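# Chains, contacts and geometry: an overview
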Amino acid sequence: MAKFVLKDPFYKKAKEEGLRARSAYKLKDIDAKYHLIKKGDIVLDLGCSPGSFLQVLSETVGEKGAVIGIDILPTPALPRKNVKVIRADIRDVDIVKLFGEFGLTHADTVTCDIAPNLSGIREVDDARIEELFYCVLDVVAKALKPGGNFIIKSFSTTVQKNITAELQKKFSKVSQYKPAASRAVSSEIFFVCIGKK
Ligand SMILES: C[S@@+](CC[C@H](N)C(=O)[O-])C[C@H]1O[C@@H](n2cnc3c(N)ncnc32)[C@H](O)[C@@H]1O
């Protein structure tokens, strides 16, 4: 396993470029393809620790934008003025109150790279993925502006159809994309959802 990680070109690149995780390249890849995040945007990043999406987003939105990160685990401090991080479980967070505390009403984009703890038992894990997905969707319903965009990581599961159908109800366009940095052996896939209805 250690050998596999050390040889991974994205892992190496992240180390060299001072990025906290190789996931950064997944987000960069998605944004290079879909151009969803702009200077001055407000972005909410769910499941933000250790913070590589935050690093990319902070750079993209610039000093007139803002990035709010939420994670159940601590996120090492990021010395960027346009980034705020909250330690919370997404299932309990009062997002309207939180945005209010930051003087914000809505986000232009929500990114979600949350990975639930998996047990290896398919039925249990699929139920966890689905439960978390609906919690995330509730946050998105409240925090994302109409017309806003949503990028969410998912996994190939028995509930994939329900997830796709639910996203299609809520967004004008839903695409699936596997970034180059996403390992071929992983069933991970990103939904890119454009234009909240
Ligand atoms: C793959 S990591 C995210 C990596 C991050 N995007 C980055 O670029 O550094 C997934 C994160 O989801 C978080 N997570 C899992 N369940 C969560 C929950 N219920 N509420 C908030 N965060 C959660 C984990 O703590 C973990 O840090």
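Residues numbered from 1 in each chain as written. Predicted model: local features only at pLDDT ≥ 70, side-chain atom pairs only at ≥ 80, totals over all residues. Heavy atoms only, no water.

What follows is about the environment of Phe155. Locating Phe155 in the fold gives a position in strand S5 (residues 144-155). A relative accessible area of 15% means that Phe155 is categorised as buried. Spatially, the C-alpha atom of Phe155 lies 8.2 Å from that of Ile129, the residues being 26 residues apart in sequence. If sequence neighbours within four positions are ignored, Phe155 has contacts with Pro116, Ile129, Gln160, Ser187 and Glu188. (Helix = DSSP H or I, 4+ residues; strand = E, 2+ residues; numbered from the N terminus. Buried < 20%, exposed > 50% of the residue type's maximum accessible area, 1.4 Å probe, protein only. Contact = heavy atoms within 4.5 Å.)

In this section: empty space enclosed by the protein. Over the atoms rolls a probe the size of a water molecule, and its path tells where empty space is left. Taken as a whole, this structure holds one cavity of 30 Å³ or more when the rule is applied. Its boundaries defined by the atoms lining it, the largest cavity holds a volume of some 120 Å³. Lining the largest cavity, in full, are Cys112, Ile114, Pro116, Ile129, Leu132, Phe133, Val136, Ile152, Lys153, Ser154, Phe155 and Ile163. Residue assignment for the lining of the largest cavity shows that the elements contributing at least two residues are helix H6 (122-143) and S5. (1 Å grid on protein atoms, 1.4 Å probe; cavity = no way out; pocket = protein on both sides within 12 Å on 5 of 7 lines; lining within 4 Å. Points joined across faces, edges and corners; volume = space filled by probe spheres on them.)

That's the geometry; what it means functionally is another story.
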